[in-house]
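Commentary on secondary and tertiary structure
As a plain string of letters, each chain reads:
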Amino acid sequence: MFDIACVGIIVADVIAKPVDSLPEKGLLGQVGSIRLLNGGNAMTAAVNCSKLGLSSAMLGKIGGDAFGGFLKGVLSENKVNIDGLAVDKNAQTAASVALVGSDGERTFLHCVGADGTFSIDDVNWGIIEKSKLVFLTGSFLMDKFDGAQTVGFLKRCKETGKTTALDVCWDSRGRWGELLNHALPYVDIFLPSIDEARKLTGADALDEISERLIGAGVKTAVIKLGKNGCYIRENKNTPGYAVRACLEDIKPVDTTGAGDSFCSGFLTAYIKGMDLQDCARFANAAGAISVTRQGATTGIESYNQVYNLMKEDYL
């Protein structure tokens, strides 16, 4: 059995830091470091959840290249099951170049690669059936899987009695609800960022955003607010509420993977039986820890590390 199956995008992150401006065309600019690290919503969650003490599995697709071999090795080193990891030898592994400024904020250049060829036919249903919770993450960057396949996948997960969670990426092509609305009735926990939630709902205020998400079929809406924490709407019959950020005065080193680390923390706490408010506190602590080091999964080390910070800051 697996506690969590993380389904979606897996990305090789080339991170350059610090980048506060770009050189003119044809010229060279120097940076302090350039590193190859693992990234992508689903892989970040799979690795972090394993570090937090869950048994996790990764379902996605890589190319038959050096980036793919690197990511596969990182998953194995972190005790993540890779039986659901498909390989497309005709595609390159998805990759991002992250330009991280001195303030910790980042700008991405992204190649969709094998993430774009991942389809419902690649899903290892044997792993899904053995998992307590299924976390689909990376929507809008999976060209084949987005839309009808996402609906079919989540519907089948619910029909087999699975708890489902969903997170999305920024949709640079502006399709938003067109691709996602029909999938929302099959989502138990939806964890978008505030900017993504506004695009999906057409609303601005948190109470209205959450009301529209719940009205669309989502069971529990968890809206990430970055340095301001998060906002939770548990169901249509109760009002939403905010949970302040952990370590509000923290100075980030690198925010890459912060949202994915929040999701990892929230779902870990949920699986371990915490109430939703403590799930949010644990998630905020995980997100805070993640930005203290460079890379998507380098900050989180253990469950006790995150739990002790949560206790110190909230309890």
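Reading guide: rules and limits
- Residues numbered from 1 in each chain as written.
- Predicted model: local features only at pLDDT ≥ 70, side-chain atom pairs only at ≥ 80, totals over all residues.
- Heavy atoms only, no water.
- Buried < 20%, exposed > 50% of the residue type's maximum accessible area, 1.4 Å probe, protein only.
- Helix = DSSP H or I, 4+ residues; strand = E, 2+ residues; numbered from the N terminus.
- Pairing = 2+ DSSP bridges.
- Right-handed = clockwise from strand over helix to strand, strands pointing away.
- Axes fitted to C-alpha atoms, helices over the stretch in contact; angles between N-to-C directions.
- Contact = heavy atoms within 4.5 Å.
- Phe/Tyr/Trp six-rings, centres within 6.5 Å; stacked < 30°, edge-to-face > 60°.
- Lys NZ or Arg CZ within 6 Å of the ring centre and 35° of its normal.

A word on the pairing of strand β12 (residues 230-233). Here β12 shows no split at all, with Cys 230 and Ile 232 on one side and Tyr 231 and Arg 233 on the other all buried. Here four bridges tie strand β11 (residues 220-224) to β12, and the two strands are oriented antiparallel to one another. In the sheet register, Val 222 faces β12, and the bridge partner there is Ile 232. Between β11 and β12, which pair antiparallel one after the other, the connecting turn spans five residues, and Gly 226 there sits at a positive phi close to 60°. When β12 meets strand β13 (residues 241-243), the two strands line up antiparallel, connected through three bridges. In the sheet register, Cys 230 faces β13, and the bridge partner there is Val 243.

The next point concerns the pairing of strand β4 (residues 56-63). Consecutive residues of a regular strand have side chains that alternate between opposite faces of the sheet. β4 sits mainly inside the fold: eight of its eight residues count as buried. Alternating residues of β4 divide into Ser 56, Met 58, Gly 60 and Ile 62 and Ala 57, Leu 59, Lys 61 and Gly 63, and every residue in both groups is buried. Pairing of strand β1 (residues 2-8) with β4 involves four bridges; the strand directions are parallel. Residue pairing for β4: Val 7 is matched across the bridge by Leu 59. As paired strands, β4 and strand β5 (residues 81-88) are joined by six bridges and run parallel to one another. Looking at β5, one finds that Ile 62 is bridged to Val 87. Chirality of the crossover, the property in question, places the unit of β4, helix α2 (residues 66-77) and β5 among those that are right-handed.

Strand order in the open sheet made by the four strands is β3-β2-β6-β7, with mixed pairing throughout. Strands at the two margins of the open sheet, each flanked by one partner only, are β3 (33-39) and β7 (106-111). Each neighbouring strand pair of the sheet contributes to a mean axis angle of 20°, computed without reference to strand direction. Judged from the six bridges that link them, strand β6 (residues 95-100) and β7 form a sheet pairing that is antiparallel. Residue pairing for β7: Leu 99 is matched across the bridge by Thr 107. With respect to the sheet, α2 is in contact with β2 (11-17), β3 and β6, its orientation differing from that of β3 by roughly 65°.

Scanning all chains against the criterion turns up eight aromatic pairs. Ring geometry for Trp 170 against Trp 176: centres 4.9 Å apart, planes inclined by 75°, an arrangement best described as edge-to-face. Among the residues examined, Trp 170 registers a relative accessible area of 43% and is labelled partly exposed. Taken together, the ring pairs in this structure connect Phe 118, Trp 125, Phe 145 and Phe 153 into an aromatic cluster. Positioned over the ring face of Trp 125 is Arg 156, at 3.8 Å from the centre of the ring.

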